[in-house]
Amino acid sequence: MRFGSIIAFVALCSFTAYYIYEPIPEDIEERWKLMLTNSFFRSLSHLADLSELLGLKDYMGVMYFITLAEKIVPMSDEHIKVTEEQFDGVDVVLYQPKKSDGDTKLRRAVIYLHGGGWCLGSSLMSPYDLLARKIVNELDAVVLSVEYRLAPAYHFPVPYEDVYRVVKHFLHKGVLAQYSVDPGRIAVSGDSAGGNLAAAVSQQLQKEPGQQVQLKAQALIYPVLQALDLNTPSYQQNQDMPILPRYLMVRFWSEYFTSDRAFFRAMMANTHNSPESSSLLKFVNWSTFLPARYHRKYNYSAPTVVQGEEAFGKGGASRSLADPRASPLLVPDSALHSLPKAYILTCEYDVLRDDGIMYATRLLSAGVEVTHEHYDTGFHGGLMFTVWPTDFLIGRRMTENYIKWLKENL
């Protein structure tokens, strides 16, 4: 009996070790912590697949547990006043430095857009709350976090439009005065899908007729910037990387546009481009915009263009592919020249690495001031891993460098 228990225990330990272990590159710091963290994400993803297969709950509905597990009620403290409000019908969270009597100082502001693939995430998650407080304390700034609506309940362009409405509302001079914000010192920032929304807002705002207050800076943290080519070198190199494997990123993209699974399958095969979107492939040609050292062993092959709506899904998904509000990399060079200075953070072990690098390359060529910070041992989501038990050293470094750039450039 005792021997059988030992065998069962050893088998359980072996299975656990086999499940947790992943062939993660040796140069990544805290590899075992990352493996343990990712084993939770993988388990939840498998559960989500099973739930969807059985018709119990859709995939993103199960994955949303990540958001619920991290949600907090934001509270004011002795230094920061926190309020939950609505700007033009959209929920926001405002973090403001507490003023002393007679304080009439105008402060800089950061509009922050959370990540989560447009399907997950919330400004009420503890890592975002912690980041907002750090920005307020270190920059003496106002932070506006936007609680935009999520897919698949609300497909593109709803999340983008929510964000754009909030930014437009906040940039009214009367609103800025109400919150003691300096109109000349406002940045928009976001991570992952939030970086996508921040880039899109920066581009569209400059085209707004009569817009008096413009953004001074945009800070994009491992942003996702295009959906036309999902086989860039970083998508291929990092297809099985922890936190954001290619499968999950493609699922996020497809859910952002439509719930039609045929479109997801086409995106997985990189055969989702319509004739309309194919004319824009020149803007995401990584053989042109990606520095040679990132090409690695990969050779450029233009994505297949397929005729017929059945290949691209229903509900306008094929039209959304060509919309720069969804894929900011698709704008022509002429639309880049007047954009605000940019901070772009990319990670070597991230499927989105090449999106950020290509955008940095194009912005620099257009004459925009760009700070590109690349983490050779970085992985997707690092900035959010600053809360125990998933606190990573690289997450702290990313946070410090990001805030340092804001302090010097805003």
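Residues numbered from 1 in each chain as written. Predicted model: local features only at pLDDT ≥ 70, side-chain atom pairs only at ≥ 80, totals over all residues. Heavy atoms only, no water.

Moving on, we come to the environment of Tyr402. Within the secondary structure, Tyr402 sits in helix 16 (residues 393-409). Once you skip the residues sitting within four places of it in the chain, Tyr402 turns out to touch Val110, Tyr112, Leu131, Ile135, Ser189, Ala219, Ile221 and Tyr343. (Helix = DSSP H or I, 4+ residues; strand = E, 2+ residues; numbered from the N terminus. Contact = heavy atoms within 4.5 Å.)

This paragraph deals with the pairing of strand 2 (residues 90-97). The element strand 2 is extensively covered by neighbouring structure, given that seven of its eight residues are classed as buried. The hairpin turn running from strand 1 (residues 80-87) into strand 2, its antiparallel successor, is two residues long, and Asp88 in that turn takes a positive phi close to 50°. Sheet analysis places strand 2 next to strand 4 (residues 142-146), joined by four bridges and oriented antiparallel. The partner of Val93 across the bridge, within strand 4, is Ser145. (Buried < 20%, exposed > 50% of the residue type's maximum accessible area, 1.4 Å probe, protein only. Pairing = 2+ DSSP bridges.)

So, about a nonpolar patch on the surface. Side chains of Leu47, Leu50, Leu53, Leu54 and Leu56 sit close together on the surface and give an oily, nonpolar patch of about 570 Å² of accessible area. Tracing the backbone shows Leu53 in helix 2 (residues 31-53). (Patch = residues over 30% accessible without salt bridge, like charges linked within 9 Å, V, L, I, M, F, W, Y side chains within 5 Å. Areas by Shrake-Rupley, 256 points an atom, 1.4 Å probe, with all protein chains shown as cover. Salt bridge = Lys/Arg side-chain N within 4 Å of Asp/Glu carboxyl O.)

Over its 17 residues, helix 16 extends 25 Å from the first C-alpha to the last, a length consistent with the 24 Å expected when each residue adds 1.5 Å. For helix 16, every residue scored as buried is listed here: Ile394, Gly395, Met398, Thr399, Tyr402, Ile403, Trp405, Leu406 and Asn409. Taken down its axis, helix 16 places every buried residue within 160° of arc, on the same side. Across helix 16 from its buried face, at more than 90 degrees, point the exposed residues Glu400 and Glu408. (Expected span 1.5 Å × (residues − 1). Arc of directions from axis to C-beta.)

Another point: the pattern of salt bridges. Side chains that differ in charge, positive against negative, can pair when their charged atoms come close. Enumeration over the complete set of coordinates arrives at 24 salt bridges. Residue Glu348 pairs with Arg296 through a salt bridge whose shortest N-O separation is 2.4 Å. Pair noted here: Glu348 is in strand 7 (residues 341-349) and Arg296 is in the loop between helix 13 (286-289) and helix 14 (317-321), with a separation of 52 residues, a long-range link. Between Asp354 and Arg353 there is a salt bridge, and its shortest N-O distance comes to 2.7 Å. Looking at Asp354, the relative accessible area reads 0%, which means it is buried. Under the relative-accessibility criterion, Arg353 is labelled buried at 1%.

A turn of α-helix holds 3.6 residues, and therefore any two residues three or four places apart point the same way. Taking 1.5 Å of rise per residue, the 14 residues of helix 5 (residues 126-139) would be expected to cover 20 Å, and the 20 Å separating its terminal C-alpha atoms lies within 8% of that figure. Judged by how many residues are buried, helix 5 sits mostly within the fold: ten of 14 residues are covered. Buried within helix 5 we find Ser126, Pro127, Tyr128, Asp129, Leu131, Ala132, Arg133, Ile135, Val136 and Leu139. Two residues or fewer after helix 5 comes Asp140, characterised by a positive phi angle close to 50°.

Moving on: the side chain of His374. Examined against the element boundaries, His374 turns out to sit in strand 8 (residues 370-379). By relative accessible area, His374 is classed as buried at 18%. A distance of 2.7 Å separates polar atoms of two side chains, one belonging to His374 and the other to Thr346. Within the structure, His374 has its side chain in polar contact with the side chain of Glu348 (distance 3.1 Å). Filtering out sequence-adjacent residues up to four positions away, His374 remains in contact with Tyr294, Thr346, Cys347, Glu348, Arg353 and Ile357. (Polar contact = N/O pair within 3.5 Å; in protein donor to acceptor, adjacent residues only side chain to side chain.)

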